[in-house]
Amino acid sequence: MNIAFYSTKPYDRLWFEPMSHQYDIKIHFLESPLKESSIPLASGCEAICIFVNDAVTAGMIDQLCRLGVKAILLRSAGYNHVDLDAARGRIHVLRVPSYSPDAVAEYAMAMLLTVNRYTHRAYTRTRDFNMSINGLMGQTLFGRTAGIIGTGKIGQSMIRICKGFGMNVLAYDPYPNPSLDVTYTDRDALFAQSDIISLHCPLTDDTHYLINQQAISQMKDGVYLINTSRGALIDTAALIEGLADKKFAGVGLDVYEEEDGVFYEDRSNDIINDENLIRLAAFPNVLITSHMGFFTREAMEAIASVTLENAAAFANGRELVNEL
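Just so it is clear, the model here is predicted, and its values are computed rather than measured. (Residues numbered from 1 in each chain as written. Predicted model: local features only at pLDDT ≥ 70, side-chain atom pairs only at ≥ 80, totals over all residues. Heavy atoms only, no water.)

1. With respect to the sheet that holds strand β2 (residues 26-29)
Just so we agree on the cut-off: Criterion used throughout: strands pair if DSSP finds at least two bridges between them. Put simply, DSSP H or I for four residues or longer makes a helix, DSSP E for two residues or longer makes a strand, and each gets a number counted from the N terminus. Axis definition: a line fitted to C-alpha atoms, over the contacting stretch in the case of helices. Angles run 0 to 180 degrees between N-to-C directions. The contact criterion used is simple: two residues touch if any of their non-hydrogen atoms lie within 4.5 Å.
The five strands are arranged β2-β1-β3-β4-β5 in an open sheet whose pairing can be described as parallel. A strand with exactly one partner marks an edge of an open sheet, and here the two such strands are β2 and β5 (92-94). Each strand of the sheet is rotated relative to its neighbour by a mean of 20 degrees, with strand direction disregarded. Here strand β4 (residues 71-74) pairs with β5 via three bridges, running parallel. Along β5, the bridge assignment pairs L73 with L94. Across the face of the sheet, helix α11 (residues 297-315) comes into contact with β1 (2-5), β2, β3 (47-50), β4 and β5 while running at roughly 160 degrees to β4.

See the structure below:
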C-alpha cells in the first residue's frame, strides 16, 4: 500500500518510517500541506495521511477520488477539518480516536500554572539577571473552582489533575457521564461560578464560538481560560475585547482559530499580518503555544501505531473500527 503523507515534520518520520516496514506500507513523505495544488502529489497512492491543519473540502475530495485515492488517514482525533458529508460513500476517513489524553490534560494544567505564576516571564527576566519579582504575583489554586467543558477522556484526565490540586470541579457536557465523580451543571452556571475554565470538547456547529462575548460577560472578573482543544471554540475578537477590559487574570492558548500556515512553521523571519494573533501575543497575561499539547513520545508512538493499523485494516479488507 502506498500512502502520500502530507505536512511531514522530522518527528513524524522518526516514528512512522520504521513502523511502516512492519505493515508492508510504503510512505511517501511530503513536506507540503494538503492543498488543491498539492493533491497531484498523491498520484499512485491508495491513501493520503493528513494532520489537523490539512483541510479537506468537498472539491478536494472530488479531486482525490478522480486520482484513485480511496482512504484519508487522520493523524488526529479531531475531524472538523474534513468534509465528512462529501466523503461519505466515496472515500474512507479513519482517525486516531485517542492517543494520549493525559498528555493534553497535563499540558493544559502546565499552561494554567504558567500563566498563573508567570514562570514564562520569570524565565525571561532571570536570563538577563533581572531578579525582581514585581508584577509576577499569582494565586493559590487550592480551593478554587475549575470549570471543565467536555468530559471525554481528556476532560476526565483534567478533572483528576484539578482534584489533585485540591480544587473544586464543575463540569459541562451535553452527554454527562454518570460514572464520573464530578458535579455537572449547565454552561451558564459554569461560566458564572468558575475561577478557571478549561476547554476539552470537539469543534462542532454547537461548540463553534462557545466562548463568545456573552459567555465572557457571564464569567467572574479575574478568571483564567485555557484552550488545548480547537481554536474556533473561542471568538478571538471577543477574547481580545475581554483581555483589554482586564476580564481575565490569564489565558493559555495552545490552539488558535486562524493557525493554518503559522502553527507548526518557523515564521520568525516573516512579517505576520494576522492582527488578532499579534494583539494576543502582546498581552502579558496570555501564553500562546503552537498546538503541542499532544506532543509526547507516548502520544507520537500511539498516533503512528494506530494510523498504520488503520491503513493495514483498509488494505487487507478488515473491519475499519476507527472509520468516521
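2. What to know about the side chain of R75
Counted only if it meets this: Only protein chains enter the calculation, and the probe is 1.4 Å; a residue is then buried if its accessible area is under 20% of its type maximum, exposed if over 50%, and partly exposed in between. Counted as a polar contact is a pair of N or O atoms within 3.5 Å, where, for protein atoms, one must be capable of donating a hydrogen and the other of accepting one, and residues adjacent in sequence contribute only when both atoms are in side chains.
For R75, the position within the fold is in the loop between β4 and α3 (84-87). Given the relative accessible area of 1%, R75 is considered buried. Within the local environment of R75, its side chain forms a polar contact with the backbone oxygen of Y6, the two atoms lying 3.1 Å apart. When residues no more than four places from it in sequence are discounted, the contact partners of R75 are F5, Y6, S7, D12, F16, C49, I50, F51, V96, I303 and T307.

3. Here we look at the nonpolar core
We apply this condition: Buried Ala, Val, Leu, Ile, Met, Phe, Trp, Tyr and Cys residues form a nonpolar core when they are joined through side-chain atoms within 4.5 Å.
Core analysis: the biggest nonpolar cluster contains 58 residues, and I197, L199, I211, L225, L239 and F248 have the highest contact counts within it. At seven residues, α11 tops the list of elements feeding residues into this core. Sequence-distant contacts of F248, defined by excluding residues within four places in its chain, comprise I216, M219, G222, V223, L225, L239, G242, L243 and N285. The next biggest cluster of nonpolar side chains, apart from the first, holds 23 residues, and it includes Y107, L112, L141 and A171.

4. Thoughts on the pairing of β3
Successive residues of a regular strand alternate their side chains across the two faces of the sheet. The side-chain alternation of β3 yields two buried faces, one formed by A47 and C49 and the other by I48 and I50. Pairing analysis gives four bridges linking β3 to β4, with the strands arranged parallel. When the sheet's bridge partners are listed, I50 is paired in β4 with L74.

5. Some words on the UniProt feature "domain: D-isomer specific 2-hydroxyacid dehydrogenase catalytic" (unreviewed entry) in the protein
What counts here: UniProt positions are given in the numbering used here, feature names are shortened, and annotations may be inferred rather than shown by experiment.
Feature annotation in UniProt places "domain: D-isomer specific 2-hydroxyacid dehydrogenase catalytic" (unreviewed entry) on residues 20-322, given in this structure's numbering. Between the first and last C-alpha atoms of residues 20-322 the distance is 19 Å; the span itself is 34% helix and 15% strand.

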